[in-house]
Each structure stands twice: as C-alpha cells, then as structure tokens.
Amino acid sequence: MKKFRSFRLDPANQCLWRGEKRVPITPKAFDVLRYLVEHPGRLVTQDEILEALWPETYVNPELIKKYILGIRKVLGDRHDQPIFIETLPRRGYQFVAPVSEDVVADLQDLSPHPTSRMVGREDALDALHIALKKALRSQRQVIFVAGEPGIGKTTLVDSFHQRASHQGNVRTARGQCVEGFGGKEPYYPMLEAIGQLTRTPDADPVVQTLAKRAPTWLIQFPSLVKAEQREALQREILGATRERMVREICEALEWLSSETPLVLIIEDLHWVDPSTLDLLSALARRREPAKLMLVCTYRPVDVILSNSGLKALKQDLQVHNLCTEIALERLPEPAIAEYLGTEFPDASLPSAMSNLVHRHSGGNPLFMVAIIQDLVKRDLIAQEDGHWKLTTSLETIDPGVPQSLQQMLEVQFERLTATEQRALEAGSVVGEHFSAWTIATALDEKPDHLEDVCDELAARQQIIKSVGSQELPNGVLSAHFEFRHSLYRQAIYRRLSSGKRSRLHHAVAERLRALSGPGRRELASEIAFHFENGREYEPATRFLILAAENAAARFAYRDCIQVLQHALQLVARIESAAAAELEVQVLEFIGDAHYALGAMPESAAAYQSAACRAAAAGLKAAQVRALSCMVWPFGLIDPDRGIAAVNQAVEVTRDIQNSILFARTQMLAAGSRLLYDCWREEDALLCASAYKQLKELGDTETLPFHNTMSAYVQALQGNYLEALEMFEKGIPKLNQPTSLMEHFSALGGKTMVLLRVGRLGEVLEIVRDARALAEKNGNDPWLFNFREAWLRMLALDFEGSARVCDSILRMKTHYPTGQPQTIARIARGYAAIAGGFTDIDRGQYGHAIELFSQVRDPETTPKFFLHWMWRMIAWLGISEAWLQSKNIEKATVDADGFSHSALQTADPHLQALAWEIQARIALFKKDWAHAEDWVHKAVEILRRFEVPVAAWRVHATACQLYVGKNQYAEAEAHRERAQAYILKIANSFPKDEPLRESFLSAAPIARILNVTGQDLAAAG
Ligand SMILES: Nc1ncnc2c1ncn2[C@@H]1O[C@H](COP(=O)(O)OP(=O)(O)OP(=O)(O)O)[C@@H](O)[C@H]1O
Ligand SMILES: [Mg+2]
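Observations concerning the overall build of the chain
- What the chain contains, in helices and strands, is 51 helices and 18 strands.
- With respect to the three principal axes, the spread of C-alpha positions in the chain is 130 × 65 × 60 Å.
- A burial count over the chain gives 55% of its 1020 residues as buried.
- Long-range contacts, defined as pairs at least 24 residues apart, comprise 66% of the intrachain contacts of the chain with a sequence gap of at least 6.
- Total accessible area computed for the chain in this model is approximately 44000 Å², and 51% of it derives from carbon and sulfur atoms.
- Within the chain, the 128 negative side-chain charges are centred at a point lying 1 Å from the centre of the 115 positive side-chain charges.

In structure tokens form, the structure reads like this:
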C-alpha cells in the first residue's frame, strides 16, 4: 500500500484508509487519486489521466476537475495552500505530499484474519480448513454450506477463500448461480469459474490443459482460441455430447489440481442449472485422487421451492459419504456481543445492547448488521470524543426497530431521495449486478447523473456497492454496482407494483437488446427474461430461441429442449401474426435437438407437429421445411414414413411459386425414394435434373443433407469423382455449425465411394479417426464399425470382418431398422463361405445361406438406408454359397435372380459382379461361349467405370476362362490386369498395415499374384 501523511491507499480493496477508518470516496475519484499517488512529484496532465484511465472512451475533461475537487474534500486539502494536490494552471496537477510504501499494512492485509468482523463461525471455518488439508493430500473434498438467506454462507466462504488464496500455491475460482435467467444458461457458474482461472497471472497451464484435455470447454471461450486453431478445434469437438463435456472438464480439473491444488467455490446452488448439477455430481463421484475442493453454498428452503435435483444429489452423496455439509445456524447472543465489540472498540455500550439486537434480528447476521448500521446512520450510536456511545436510552430504541428485515429495508429505502429510489428500483429489476448505463437509459435519464447517484450510495455503504467500471458491449465505459445482499434487491423489487415492474423489465430488455446488437447470443437468456417479465412475449420467444442456440453450442441438448418448451408456452400468449411462424420455428428446433440426442421418435414427432402447425396457419414454405426434416429421423426408424413426408412436401411446393424450393424438395424426395425404397430410373433422372437446376439457379442454401442424398445417387450410378466432390462439400469446414449427422452422412458417403474405387487405406484411416472421435464423445460408432466390416470384406479379411461384426451385434443400437446388424449378417455369411465346408446342410455354407436369407427377408430385416443394395449383395452371397458347394442348379437360380435385379439398377459395381458370377457358373458348366459372353459384358462395364474392387474379380475370372480355352496370351493379359487392380488396392494401405499383408496373401489373390503366364500355360 502507498502511504501519504495519515492516509493509506488500498488498491486491493479499492479504498482509502485514514488510520483504521475507511474514508468514503467514489470509485472514479479513487482511480484519479491512485494515478496521482503512483506518479508523485511531477506534472500529470489531464490528457495523461484520460489516456491512462479511460483510453478508449470519450470522457469530458471537465469531469477531472470535479474528481479533483472531490478528492481534495476527502483529504481535507485546500486549493490555495495544497499539501496533497497542487493545480498547475492550464497544465495539470502534481501530487506534492511525500509518498512511501506501507509494508506493515500490506502484511496485515495478508494476515490470516482478514475478515475480523466475522463472528461465531470458528467451527465452520475449522471444518473448511480441515477439508482443505485433506484436499491437499489428494483426497477430493465436496462441502455444502447450507443455511437461510443472510445467515452468513457467503461471508464464511469469503473468509475461507481469502485465507486459502493466501496459503500460497492454491488456485481458487468462484462461480455464481443466478436467479431467473441463469438456470437457463447451461454451465453458467462453471463457465464463470473457469473463465476466472483463464484470466489469472498463471493462466497459461489452465489454457493449455483446456486445449489438450477439454477442447469442448476451450471453444466456449472464443478469445482464448487463436484463429488458426479454430478449424482444428471445431473438428475435434464435432458431435460432442453432454457426457463428453462433463468428462473433459472433470479430467482437466483433476489434471490441473494434480500440480496446484484447486478450490472451486460455487455459490447459491439453489439456482443451479441442470448441466452444472450434472457436472458437480460427476466431479463429486469420481474416485481419481485429486487435490480438489469443491465448496457449494445453498439455501435449503429455495431448493425445495425450486424443485431442483440438488436435494436428491446431496442426499445421495451423503449416503455414500462423498460430501460433508456445514449447516450454519443463527448467531447466539454472545456472538452478537462479540460483533458489537469489534465494530465499536472502546465503546461504552450498555450490555443489554446485544440482547436487543439478538431479540430483533433473531440472530440472523444480515438483519443484525442492518439493525446496527441503521442505528449508526440515525446517530443513535455515535462517536463522541473518540468513543462510541449510545446517544439515547435503550428503551427508546427498542420499539423503534422494525420487526422484520423486509420492514427494516423498506424503512431505509424510504429515507432515500426520489432519484436514489428510482435508481435502485431500476437496478432491482436488472438484477444483482447492474450498470449505471442500463438503469439510466431504461429510466430515460443521463447516465453520468445516475452514476453519481449510485457512487454516492455506494460510498455511504448503503444497499449497493461499487464493483468498478466495465466496458459494455457497445463500447461505453460504465460504472457497475451490486446489491450488498440479494435480499436488499428482493426487498426493493417486491415493493414495485406489477405494472411498474413490467414497464421497467420492458425498458431494461430494450436497453439490453440495443446493447447486445444483432447476432450476439451472450445476453440472450437475460434479455428473454426481461421481455417475458415485461409481458412482451414475441421478442421474449425470439431471444429464448437464441438462448437455446447457446445451449446447443454447449452440447446441452436437454437444456436446449427445456428452454424451447418454455418458449412454446410464451408463444401461446403472442397475439401477433408472428405466433404461428415462431411456434413452427421452435418446434423444428426441438426436433433438431432430439435428433442430436439420438431420440428419433421424439424428433420425428416434433417435426410433425411443426408441419401440422405450419399447415394450419397456411405457412407453406415452413410446412415444406418441416416435412422435409422428417426424413432424417424417420430414415432411421421408419423409412416409409419419411418418404411419405417428403412426397407430401413436394405436393405442398406445387402450390408455391418458388422454383428453388421446388427443385430442392424434388431432389430430396427422389433421393429418399432411391435410397430408402428402391432404385428407379425416373427418380435418378429427377434427382440429377433437380441438382442441376439448383446449381443453375445459384442456390446456396440447400441443406448439406439434401446434397449428400444427391451425392449418394451419383455414387450409385458410378459417378464416383463427382460424388466424392459433393460429399466433401457436406463435411463441415471452418466454423460451420457442427451437426453430427450431416457430417457423418457425408463422411459415410465418402467412405462408400472410396471403397468402390479401391482406396481402402484411406477408408481405414477415416474409420479409425471417426471411431476415436466417437469414443471421446461417447457416441455409438456403428456407422464406422460397419464400414470397417465392409472394408475388411473387400480386403478378403472375413475373420476380421466377422470380429468387427460381432462387436456391432453386441452393441445396443437405437435404430430398429438394424442397419449395422444387417451388414454384420452379410459379413458373417461371407466369412462362413470363405471358411467353407462342402456339406451344405450342416456346414458353413448352410449357415451362410441362412444369414443371407435373413437379410433378404423383409420381415426379419425391415427397410433401411440402401437396404436394396445390401439385399442384392446377400442374394449374390447365396448364389456364391451354392456355387462353392457345387449345387449348380440352385446357384444358377439365385444368380439369375440377383443379376436380374442388379441390371435394373445403374450400379456398375453390382452389374459387373452380376456378369461375373454368371460367367463363373458357365465356366463351371464348361459353357465357354456363354462364359466369354458374360466376361465381355463385365469388361465392357469396367471400361466405362473405375471399380477396382469388382474389376480384379472380373479379370481373374476372365483369366480362368482363357486358360480353360487354352488362350494363354489372353489369360496372361487378364491376369496382369487383375494384378494391377489388386496392387492398386493393396498400395492404398500404408506399407506396414497388417490388412495389406493379409489381403495380398488371401488365397484368391495369391492365386493371381504368384502365377505367371508360363505357369498358366503349364497348368493348362
Ligand atoms: N458470522 C458473521 N459475522 C458477522 N457478520 C456476518 C456474519 N455472517 C454474515 N454476516 C453479515 O451478514 C451479511 C449477510 O451474510 P451473507 O451474505 O454471507 O449471507 P448468505 O448466507 O450468503 O445469504 P444468501 O443466502 O442470501 O446468499 C453479510 O454481508 C455480513 O455483513
Ligand atoms: Mg450468499
């Protein structure tokens, strides 16, 4: 601390001391004084002060004069004979008093008894310190501090906090749960606490730990993420879930606390949001050693009223001995006597004084302090000759003290001036914490004036305290204030008539809206709260939608749905025409959130409600959108209903003159029919022409999902490069909103194309990355598991494929259409064939045919995405099994069936395989002519399409054919081409990838690679 004459400047507490007495000074005057004291003995110009204290705002230089005047008054300095501040006319000021460092005071400030005025809480403080000691020994501690309003929870925790921070090598952070809108902001107090940790001088390890262990949290602090990191981070957290967010921060906090112990204080848990509660629950239950202490305060009564899950959580933790509770009781009379003793040292107060205060306050410390302050303000206790004294008899005071705290506060309030009352009323509407700017503009008054009014109140230590100047989102620097206690705010708020309340809420909402500017979500739930209480339901709903977006960005989809359900209630009260549109928007958003949670029936139901509501209100475009959305969830649980919905969407678009919307919907509908029902030439044409039309119309807003559908259609026609390009576009890039399904369906499509074109190595890489990500997120990576099963099938590793399939079959899946199970059956079937015995009835072939038949049977296997393609592959498998078991008659029947349906599609892969199996059957029959014919047909397809995974088989069969016909040169030419395709596939893997080796050594491959033209001739 700096000392000058009898004064000390205390920057930590932002106050000025004269001896042991705190000297009232407004925050701005304090800042100016501090600047002068820190630059003593030289000229300080007005500009310098303005530049140093308010660098980015315009402040009228005249104000400096005013502050100097105030400072002189406080210091008792004289303008004409200054001993502290000298004015150098037209140039500036100079601090002329000698300034020294007051080391003793600094040490005192660091002493372990900073809040000497806290009485009667020795046991509680001891309990906290014992817990801290345990935490320092890596025994995680969870402490609840409970008690009625004003009982002293915050005071106790403050005192502990201060001492813990002075312990050295302990990190501390605090978060505050907020009444009203706070509960709608997922992780509100946790984000506050973590934010604090990232702003301390030793924040580096914190930020690094977040980056490494909790990217889902790091991204919540945009200012900590460098632009070049953003894309990687965005990918890293794709599809994250609530579970992942919780796990990551637990691990990050544990990691951080392993080095430096961490005390985390969360205040007023009775207002906690469900996500934070989840997180605290996880943090309390984890058993990993951690130098972590969690201190939570709450009011038991409010927990019961708010119906929060806190009660159950706390009871459960208590049963399992995972937490300790400190219940604060009211202060006994001796504690009050002690308090009076410390407040009024050397006083000659009657001993019955403590009894009186105790009787009136009931031992509630907040009330106790209020009574005593009131007596001082009214000069009933006053200093005379340096001693505190009662200036009247105890008996006259006794009946004068109000009966309740509320009454007491009302009396105090009524003694204030009209402007002071107005300022506080507006403040009570804004919340615990308010800026002078907000209340002034809400009241249509000058901000400077109200700032002075509040500064005065704060300096008199009445009702509010100053918490310094902060920059508002609109760049204005404004003084901020806080109610000294939440009950003060409540008392003032309760006095307001309901009309006045809602007028003020409305005005505050408008100010905050102007502050936050368009597109900014930070203040959304707060603004929504004020609009709702200002009975402006339309803007309230709009801001709730923004608040729901906030929740979704924190992967807190359940909270997001809760916010939206609340919005639905408000929508019902909107009288304007916007009601229906908003309702549809909210319902659709609910559908999205359920979808993100994997709750498909709920998602479909919400979209359906949206579609119905839109239909009833004649909002055709909105109806089309909602109907189109239905295909996402229904695609996974009931594809026919999805198709019906998009078909209906097309019908509705016929009534609207909007060619883009029409083409978009046509494309989606045709694509859905092709992918979920069956292949039809006319749908393929429709899909392609709609896509072309959208491109020509310059449509930029088609949902990636629509394009992905259309890309699949391209892929199924063998237009692989084009499809690949379209899928790539569907994979979200820099800063795009993260939608897991969009990403997965595009990535899934990409792997399908890569498989067809033989780039198996790339697929393996994608599969591994995606699976690692899914594991982090706690998602079911079924899509990628069965891609791997498929990949291994193509690489002839049937055992490996079967292993992956078994893992899929063991997994619980949410999707009744059982897509992964189907692929698993097929892979198992092929594995059985590869392992094959000849005994069809009892051996592996029989098993394979059984599995394939299950896939073909619509009862066992209902429709799913691309089900027809898989059913064909199963049919091919049946024919293969019969062929290998040498039952040619049956093999022919099934091969004919398969070929017939494959030739109905436009898929070169299926078609090449269809000709190939026919050729092999003909070869078996030694029907060379037909075999050659089929081989030619297959080769013809390969000439037009690049499908290596089918191509090597075709050429291998061709080679076999020409050996049979003794045409060795042709045989060798085909063998070489088969080999080239095989090597192309193998070389897509890294050299050391075991799958590469196993592919190259699989029997059918080895047959081709290890044989030369001469061998062929010799064999022939
Ligand atoms: N042990 C104490 N000794 C002296 N004064 C106290 C004590 N406890 C609380 N006070 C006084 O009472 C006021 C209210 O206490 P505090 O804010 O800690 O209550 P709280 O329990 O946190 O209330 P709430 O539930 O509303 O948050 C404090 O500002 C302080 O002036
Ligand atoms: Mg408190």
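Now that the structure is up, let's keep going.
Brief notes about the sheet that holds strand 2 (residues 7-10)
- Strand order in the open sheet formed by five strands is 4-3-2-1-8, and the pairing between neighbours is antiparallel. Edge positions in the open sheet fall to strand 4 (21-23) and strand 8 (100-101), since each of these has one partner strand only.
- Examined bridge by bridge, strand 3 (residues 15-18) and strand 4 share three bridges and lie antiparallel to one another. Bridge assignment links Trp17 to a residue of strand 4, and that residue is Arg22.
- Sheet strands touched by helix 1 (residues 27-38): strand 1 (2-4), strand 2 and strand 3. Its angle to strand 2, the strand with the most contacts, is close to 110°.

What to know about the confidence of the model for the chain
- Overall, the predicted model of the chain reaches an average pLDDT of 88, with 95% of residues at or above 70.
- Between the elements of the chain, mean pLDDT differs from a low of 48, seen in helix 4 (residues 103-110), to a high of 97, seen in strand 12 (residues 292-298).
- Between residues 734-738, whose pLDDT stays under 50, and residues either more than four places distant or in other chains, the model counts seven contacts.

Brief notes about the site of ligand 1
- Residues in close proximity to ligand 1 total 21 residues, the closest being Lys153, Thr154, Thr155, Arg299 and His485.
- Contact distances for ligand 1 include 2.5 Å between an oxygen atom and a side-chain N or O atom of Lys153.
- If you list the elements that add at least two residues to the shell around ligand 1, you get helix 6 (153-166) and helix 17 (365-377).
- Looking at the shell around ligand 1, the element that brings in the most residues is helix 17, giving four residues.
- When grouped by side-chain class, the residues that make up the shell around ligand 1 number nine nonpolar, six polar and six charged.

Cut-offs used in this document
- Residues numbered from 1 in each chain as written.
- Chains lettered and ligands numbered in written order.
- Predicted model: local features only at pLDDT ≥ 70, side-chain atom pairs only at ≥ 80, totals over all residues.
- Heavy atoms only, no water.
- Helix = DSSP H or I, 4+ residues; strand = E, 2+ residues; numbered from the N terminus.
- Buried < 20%, exposed > 50% of the residue type's maximum accessible area, 1.4 Å probe, protein only.
- Contact = heavy atoms within 4.5 Å.
- Areas by Shrake-Rupley, 256 points an atom, 1.4 Å probe, with all protein chains shown as cover.
- Lys, Arg positive; Asp, Glu negative; His and termini not counted.
- Charge placed at Lys NZ, Arg CZ, Asp CG, Glu CD.
- Pairing = 2+ DSSP bridges.
- Axes fitted to C-alpha atoms, helices over the stretch in contact; angles between N-to-C directions.
- pLDDT = per-residue confidence, 0-100.
- Near = heavy atom within 4 Å.
- Polar contact = N/O pair within 3.5 Å; in protein donor to acceptor, adjacent residues only side chain to side chain.
- Nonpolar A, V, L, I, M, F, W, Y, C, P; charged D, E, K, R; others polar.

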